[in-house]
Amino acid sequence: MKAAAFDYIKAQSVPEVLALMSEHGDDARLMAGGQTLLATLNMRLSEPQLLIDITELTELKGIEIIGEHLWVGALVTHTEIENAALVKKYAPILCAAAPHIAHRAIRNLGTWGGSLVYGDPAAEWPACSIAVNATMVVRGLQGERRILASDFFVDLYTTALAPDEILMGTEIPLANAKQVFSFQELARRHGDYAVAGLAAVAKKTGQVFSDCHFVFFSVATTPVAAVQAQSLVNDQAVNAELIAAAVAAARAEIETMEDITNSAAAKSHLVGVLLERALKKMLAE
Ligand SMILES: Cc1cc2nc3c(=O)[nH]c(=O)nc-3n(C[C@H](O)[C@H](O)[C@H](O)COP(=O)(O)OP(=O)(O)OC[C@H]3O[C@@H](n4cnc5c(N)ncnc54)[C@H](O)[C@@H]3O)c2cc1C
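Residues numbered from 1 in each chain as written. Predicted model: local features only at pLDDT ≥ 70, side-chain atom pairs only at ≥ 80, totals over all residues. Heavy atoms only, no water.

**Regarding the layout of surface pockets**
Space inside the second largest pocket adds up to approximately 450 Å³. What lines the second largest pocket is a set of 20 residues, and nearest its centre among them are A122, Y193, A194, S218 and D259. Taken together, the residues that form the lining of the second largest pocket break down as eleven nonpolar, three polar and six charged. Built from parts of two domains, the lining of the second largest pocket gets at least three residues from each of domain 2 (58-173) and domain 3 (179-284). (1 Å grid on protein atoms, 1.4 Å probe; cavity = no way out; pocket = protein on both sides within 12 Å on 5 of 7 lines; lining within 4 Å. Points joined across faces, edges and corners; volume = space filled by probe spheres on them. Nonpolar A, V, L, I, M, F, W, Y, C, P; charged D, E, K, R; others polar. Domains from an automatic or database assignment.)

Printed below as a string of C-alpha coordinates:
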(Lines give C-alpha, C1' and ligand atoms only; values in the text may rest on other atoms or scores of the structure.)
Protein backbone atom coordinates (compact mmCIF):
# COMPACT_ATOMS: atom_id res chain seq x y z
CA MET A 1 0.00 0.00 0.00
CA LYS A 2 0.99 3.62 -0.40
CA ALA A 3 0.63 6.46 2.07
CA ALA A 4 -2.11 9.06 1.55
CA ALA A 5 -0.82 12.41 0.26
CA PHE A 6 0.74 14.71 2.85
CA ASP A 7 2.78 17.92 3.02
CA TYR A 8 6.39 17.68 4.16
CA ILE A 9 8.59 20.17 6.00
CA LYS A 10 12.21 19.64 7.04
CA ALA A 11 12.34 21.64 10.25
CA GLN A 12 15.45 23.70 11.01
CA SER A 13 14.89 24.50 14.70
CA VAL A 14 12.99 23.29 17.77
CA PRO A 15 10.92 26.53 18.02
CA GLU A 16 9.87 26.01 14.39
CA VAL A 17 8.74 22.43 15.22
CA LEU A 18 6.79 23.59 18.27
CA ALA A 19 5.08 26.35 16.29
CA LEU A 20 4.13 23.92 13.51
CA MET A 21 2.79 21.38 16.04
CA SER A 22 0.74 24.08 17.72
CA GLU A 23 -0.64 25.30 14.38
CA HIS A 24 -1.48 21.88 12.90
CA GLY A 25 -2.34 19.89 16.05
CA ASP A 26 -3.34 16.29 15.36
CA ASP A 27 -2.94 16.82 11.59
CA ALA A 28 0.85 16.86 11.99
CA ARG A 29 3.35 14.10 12.85
CA LEU A 30 7.02 14.33 13.70
CA MET A 31 9.33 12.05 11.78
CA ALA A 32 12.68 10.91 13.20
CA GLY A 33 14.10 7.67 11.72
CA GLY A 34 10.77 6.92 10.07
CA GLN A 35 11.17 3.21 10.80
CA THR A 36 7.83 2.94 12.55
CA LEU A 37 6.03 6.01 11.26
CA LEU A 38 6.47 5.35 7.55
CA ALA A 39 5.10 1.81 7.89
CA THR A 40 1.99 3.13 9.65
CA LEU A 41 1.52 5.74 6.90
CA ASN A 42 1.95 3.16 4.15
CA MET A 43 -0.59 0.90 5.85
CA ARG A 44 -2.86 3.94 6.27
CA LEU A 45 -3.08 3.37 10.01
CA SER A 46 -2.26 7.05 10.27
CA GLU A 47 -3.02 9.79 7.70
CA PRO A 48 -1.44 13.07 8.83
CA GLN A 49 -1.72 16.11 6.58
CA LEU A 50 1.78 17.27 7.46
CA LEU A 51 4.99 15.38 8.14
CA ILE A 52 7.55 17.41 10.11
CA ASP A 53 11.00 15.93 9.50
CA ILE A 54 13.09 16.59 12.63
CA THR A 55 16.30 14.88 11.48
CA GLU A 56 18.19 18.19 10.98
CA LEU A 57 17.75 19.33 14.58
CA THR A 58 21.27 19.35 16.02
CA GLU A 59 19.96 19.94 19.57
CA LEU A 60 18.50 16.42 19.48
CA LYS A 61 21.75 14.78 18.37
CA GLY A 62 24.79 13.57 20.24
CA ILE A 63 25.91 11.55 23.22
CA GLU A 64 27.87 13.42 25.90
CA ILE A 65 28.53 13.74 29.60
CA ILE A 66 26.69 16.71 31.08
CA GLY A 67 27.38 17.11 34.79
CA GLU A 68 26.44 13.89 36.57
CA HIS A 69 24.58 12.46 33.58
CA LEU A 70 25.04 10.78 30.27
CA TRP A 71 23.02 12.75 27.73
CA VAL A 72 21.57 10.73 24.86
CA GLY A 73 19.84 12.94 22.30
CA ALA A 74 16.50 11.82 20.93
CA LEU A 75 17.90 11.55 17.39
CA VAL A 76 20.77 9.24 18.32
CA THR A 77 20.34 6.06 16.29
CA HIS A 78 20.28 2.53 17.66
CA THR A 79 23.61 1.87 15.87
CA GLU A 80 25.24 4.97 17.38
CA ILE A 81 24.26 3.74 20.85
CA GLU A 82 25.57 0.27 20.07
CA ASN A 83 28.99 1.67 19.10
CA ALA A 84 29.43 4.59 21.51
CA ALA A 85 32.37 4.34 23.92
CA LEU A 86 30.61 6.70 26.37
CA VAL A 87 27.53 4.47 26.45
CA LYS A 88 29.67 1.35 26.92
CA LYS A 89 31.32 3.00 29.92
CA TYR A 90 28.38 4.78 31.53
CA ALA A 91 25.24 2.86 30.50
CA PRO A 92 26.61 -0.48 29.28
CA ILE A 93 23.27 -2.29 29.27
CA LEU A 94 22.25 -0.14 26.27
CA CYS A 95 25.17 -1.48 24.21
CA ALA A 96 24.17 -5.03 25.17
CA ALA A 97 20.53 -4.44 24.21
CA ALA A 98 21.03 -2.61 20.89
CA PRO A 99 21.94 -5.66 18.75
CA HIS A 100 18.57 -7.18 19.66
CA ILE A 101 16.68 -4.34 17.93
CA ALA A 102 15.58 -5.43 14.47
CA HIS A 103 18.36 -5.57 11.84
CA ARG A 104 21.27 -3.34 10.89
CA ALA A 105 19.40 -1.34 8.24
CA ILE A 106 16.69 -0.42 10.77
CA ARG A 107 19.20 0.23 13.54
CA ASN A 108 21.07 2.65 11.26
CA LEU A 109 17.98 4.85 10.92
CA GLY A 110 15.74 4.18 13.93
CA THR A 111 16.30 6.48 16.89
CA TRP A 112 16.41 6.32 20.68
CA GLY A 113 13.75 9.05 20.93
CA GLY A 114 11.48 7.57 18.26
CA SER A 115 11.42 4.25 20.04
CA LEU A 116 10.79 5.81 23.47
CA VAL A 117 7.97 8.03 22.21
CA TYR A 118 6.33 5.24 20.22
CA GLY A 119 6.09 3.31 23.49
CA ASP A 120 5.89 -0.18 22.03
CA PRO A 121 5.73 -2.55 25.02
CA ALA A 122 7.80 -5.10 23.07
CA ALA A 123 10.62 -2.63 22.36
CA GLU A 124 13.98 -2.77 24.12
CA TRP A 125 14.62 0.94 24.84
CA PRO A 126 11.59 1.71 27.04
CA ALA A 127 12.51 -1.10 29.48
CA CYS A 128 16.20 -0.16 29.39
CA SER A 129 15.40 3.50 30.05
CA ILE A 130 13.58 2.53 33.26
CA ALA A 131 16.32 0.10 34.30
CA VAL A 132 19.00 2.82 34.03
CA ASN A 133 16.76 5.32 35.82
CA ALA A 134 16.68 7.73 32.89
CA THR A 135 14.88 11.05 32.86
CA MET A 136 13.15 12.22 29.68
CA VAL A 137 13.72 15.87 28.81
CA VAL A 138 10.76 17.19 26.83
CA ARG A 139 10.03 20.62 25.42
CA GLY A 140 6.79 22.40 24.53
CA LEU A 141 5.75 26.00 23.96
CA GLN A 142 5.42 26.37 27.75
CA GLY A 143 9.07 25.38 28.26
CA GLU A 144 11.00 22.30 29.29
CA ARG A 145 10.00 19.58 31.74
CA ARG A 146 11.55 16.36 32.99
CA ILE A 147 9.73 13.04 33.32
CA LEU A 148 11.19 9.97 34.99
CA ALA A 149 11.28 6.99 32.64
CA SER A 150 9.32 5.04 35.27
CA ASP A 151 6.45 7.56 34.85
CA PHE A 152 6.74 7.96 31.08
CA PHE A 153 5.12 4.77 29.73
CA VAL A 154 1.50 5.02 30.78
CA ASP A 155 -0.31 2.49 28.57
CA LEU A 156 -0.08 0.56 25.31
CA TYR A 157 1.73 2.88 22.84
CA THR A 158 0.89 5.78 25.16
CA THR A 159 3.39 7.96 26.98
CA ALA A 160 3.26 10.98 29.26
CA LEU A 161 4.47 13.21 26.40
CA ALA A 162 1.81 15.81 25.59
CA PRO A 163 0.71 15.98 21.92
CA ASP A 164 2.39 19.39 21.49
CA GLU A 165 5.71 18.38 23.07
CA ILE A 166 8.92 17.03 21.58
CA LEU A 167 11.34 14.66 23.30
CA MET A 168 14.77 16.33 23.29
CA GLY A 169 16.74 13.47 24.84
CA THR A 170 17.39 11.72 28.13
CA GLU A 171 19.63 12.12 31.12
CA ILE A 172 21.05 8.88 32.50
CA PRO A 173 22.86 8.67 35.85
CA LEU A 174 26.45 7.52 35.21
CA ALA A 175 27.12 3.86 35.96
CA ASN A 176 29.99 3.34 38.39
CA ALA A 177 32.29 0.36 38.91
CA LYS A 178 29.75 -1.29 41.23
CA GLN A 179 27.05 -1.47 38.59
CA VAL A 180 26.23 -4.89 37.21
CA PHE A 181 23.64 -5.56 34.56
CA SER A 182 22.08 -8.29 32.48
CA PHE A 183 20.06 -7.90 29.32
CA GLN A 184 18.00 -11.00 28.54
CA GLU A 185 15.77 -11.46 25.52
CA LEU A 186 13.94 -14.42 24.07
CA ALA A 187 12.93 -14.03 20.42
CA ARG A 188 12.01 -16.61 17.80
CA ARG A 189 14.73 -15.37 15.46
CA HIS A 190 17.43 -12.81 16.06
CA GLY A 191 16.02 -9.37 15.22
CA ASP A 192 12.40 -10.35 15.81
CA TYR A 193 10.46 -8.55 18.49
CA ALA A 194 10.91 -10.25 21.86
CA VAL A 195 8.61 -12.96 23.15
CA ALA A 196 9.79 -11.73 26.54
CA GLY A 197 12.73 -9.65 27.72
CA LEU A 198 14.37 -8.26 30.83
CA ALA A 199 16.64 -5.29 31.49
CA ALA A 200 18.23 -5.82 34.91
CA VAL A 201 20.59 -3.37 36.60
CA ALA A 202 21.90 -3.37 40.18
CA LYS A 203 24.79 -2.24 42.35
CA LYS A 204 26.86 -5.11 43.71
CA THR A 205 29.14 -5.20 46.73
CA GLY A 206 30.44 -8.71 47.29
CA GLN A 207 27.31 -10.80 47.00
CA VAL A 208 24.99 -8.02 48.15
CA PHE A 209 22.85 -6.28 45.53
CA SER A 210 21.28 -2.86 46.00
CA ASP A 211 19.39 -0.31 43.88
CA CYS A 212 17.91 -3.16 41.83
CA HIS A 213 15.89 -2.52 38.68
CA PHE A 214 14.33 -5.59 37.05
CA VAL A 215 12.27 -4.30 34.12
CA PHE A 216 10.43 -6.71 31.83
CA PHE A 217 9.25 -5.99 28.31
CA SER A 218 6.95 -7.70 25.85
CA VAL A 219 4.94 -9.20 28.69
CA ALA A 220 2.35 -6.48 29.43
CA THR A 221 0.90 -3.25 27.99
CA THR A 222 3.95 -1.27 29.11
CA PRO A 223 7.43 -2.15 30.31
CA VAL A 224 6.97 -3.31 33.87
CA ALA A 225 9.29 -3.36 36.90
CA ALA A 226 9.12 -6.34 39.25
CA VAL A 227 9.00 -4.14 42.33
CA GLN A 228 8.40 -6.95 44.85
CA ALA A 229 11.29 -8.97 43.47
CA GLN A 230 13.47 -5.84 43.52
CA SER A 231 12.73 -5.19 47.21
CA LEU A 232 13.32 -8.84 48.10
CA VAL A 233 16.79 -8.72 46.56
CA ASN A 234 17.75 -5.17 47.62
CA ASP A 235 20.46 -5.09 50.32
CA GLN A 236 20.59 -8.87 50.60
CA ALA A 237 23.35 -11.35 49.85
CA VAL A 238 22.18 -13.15 46.73
CA ASN A 239 22.14 -16.95 46.90
CA ALA A 240 20.11 -19.76 45.31
CA GLU A 241 17.33 -19.43 47.89
CA LEU A 242 16.94 -15.69 47.33
CA ILE A 243 16.96 -16.14 43.56
CA ALA A 244 14.14 -18.70 43.84
CA ALA A 245 12.14 -16.31 46.06
CA ALA A 246 12.68 -13.40 43.64
CA VAL A 247 11.61 -15.56 40.69
CA ALA A 248 8.42 -16.58 42.51
CA ALA A 249 7.71 -12.96 43.47
CA ALA A 250 8.18 -11.68 39.91
CA ARG A 251 5.89 -14.37 38.51
CA ALA A 252 3.25 -13.56 41.10
CA GLU A 253 3.33 -9.78 40.72
CA ILE A 254 3.52 -9.30 36.95
CA GLU A 255 0.19 -9.58 35.18
CA THR A 256 1.32 -10.95 31.86
CA MET A 257 -0.65 -10.45 28.67
CA GLU A 258 -0.92 -12.94 25.82
CA ASP A 259 0.12 -12.02 22.28
CA ILE A 260 -0.77 -13.74 19.02
CA THR A 261 1.62 -16.63 19.57
CA ASN A 262 2.26 -16.84 23.31
CA SER A 263 -0.14 -17.32 26.19
CA ALA A 264 -0.06 -15.21 29.34
CA ALA A 265 0.97 -18.36 31.25
CA ALA A 266 3.96 -18.94 28.95
CA LYS A 267 5.05 -15.32 29.41
CA SER A 268 4.71 -15.65 33.17
CA HIS A 269 6.95 -18.72 33.07
CA LEU A 270 9.49 -16.80 30.98
CA VAL A 271 9.49 -13.90 33.46
CA GLY A 272 10.93 -16.30 36.03
CA VAL A 273 13.36 -17.92 33.60
CA LEU A 274 14.78 -14.56 32.53
CA LEU A 275 15.10 -13.23 36.07
CA GLU A 276 16.89 -16.37 37.23
CA ARG A 277 19.34 -16.11 34.32
CA ALA A 278 19.94 -12.42 34.96
CA LEU A 279 20.55 -12.80 38.70
CA LYS A 280 22.94 -15.72 38.17
CA LYS A 281 24.83 -13.79 35.51
CA MET A 282 25.13 -10.67 37.70
CA LEU A 283 26.18 -12.75 40.71
CA ALA A 284 28.93 -14.42 38.70
CA GLU A 285 30.46 -11.09 37.61
C1 LIG B 1 10.95 -4.61 10.42
C2 LIG B 1 11.11 -3.81 11.69
C3 LIG B 1 11.52 -4.47 12.83
C4 LIG B 1 11.65 -3.77 14.03
N5 LIG B 1 12.06 -4.45 15.13
C6 LIG B 1 12.23 -3.77 16.29
C7 LIG B 1 12.68 -4.43 17.48
O8 LIG B 1 12.99 -5.63 17.49
N9 LIG B 1 12.76 -3.69 18.62
C10 LIG B 1 12.45 -2.35 18.65
O11 LIG B 1 12.54 -1.73 19.71
N12 LIG B 1 12.03 -1.70 17.54
C13 LIG B 1 11.92 -2.37 16.39
N14 LIG B 1 11.50 -1.69 15.26
C15 LIG B 1 11.17 -0.26 15.40
C16 LIG B 1 12.41 0.61 15.22
O17 LIG B 1 13.30 0.44 16.31
C18 LIG B 1 12.04 2.10 15.12
O19 LIG B 1 13.13 2.73 14.65
C20 LIG B 1 11.63 2.82 16.38
O21 LIG B 1 10.60 2.22 17.06
C22 LIG B 1 11.10 4.22 16.06
O23 LIG B 1 12.15 5.05 15.86
P24 LIG B 1 12.19 6.03 14.63
O25 LIG B 1 13.32 6.97 14.88
O26 LIG B 1 12.22 5.28 13.38
O27 LIG B 1 10.82 6.86 14.82
P28 LIG B 1 9.72 7.31 13.77
O29 LIG B 1 9.19 6.13 13.05
O30 LIG B 1 10.22 8.43 12.96
O31 LIG B 1 8.63 7.86 14.79
C32 LIG B 1 7.94 7.01 15.67
C33 LIG B 1 6.96 7.86 16.49
O34 LIG B 1 7.65 8.68 17.41
C35 LIG B 1 7.38 10.07 17.18
N36 LIG B 1 8.66 10.76 17.43
C37 LIG B 1 9.87 10.41 16.92
N38 LIG B 1 10.84 11.16 17.49
C39 LIG B 1 10.21 12.02 18.34
C40 LIG B 1 10.68 13.03 19.24
N41 LIG B 1 11.97 13.33 19.37
N42 LIG B 1 9.77 13.71 19.98
C43 LIG B 1 8.44 13.42 19.86
N44 LIG B 1 7.94 12.45 19.06
C45 LIG B 1 8.82 11.77 18.30
C46 LIG B 1 6.89 10.15 15.75
O47 LIG B 1 6.04 11.25 15.57
C48 LIG B 1 6.14 8.83 15.63
O49 LIG B 1 4.87 8.94 16.20
C50 LIG B 1 11.38 -2.36 14.07
C51 LIG B 1 10.99 -1.69 12.90
C52 LIG B 1 10.85 -2.40 11.73
C53 LIG B 1 10.44 -1.67 10.48
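**Re the sheet that holds strand β6 (residues 135-140)**
Here we have five strands laid out as an open sheet, ordered β4-β5-β10-β6-β7, and antiparallel in their pairing. Looking at strand neighbours, the two that pair on one side only are β4 (63-66) and β7 (143-148), the edges of this open sheet. Put simply, the sheet's adjacent strands are angled 30° from each other on average, direction ignored. Bridge analysis of β6 against β7 gives six bridges, and the strand direction is antiparallel. Bridge pairing in β7 links R139 to E144. Against the sheet, helix α1 (residues 14-24) engages β6 and β10 (166-173), with an angle of about 125° to β10. (Pairing = 2+ DSSP bridges. Helix = DSSP H or I, 4+ residues; strand = E, 2+ residues; numbered from the N terminus. Axes fitted to C-alpha atoms, helices over the stretch in contact; angles between N-to-C directions. Contact = heavy atoms within 4.5 Å.)

Functional significance is not addressed by these values, which are geometric in nature.
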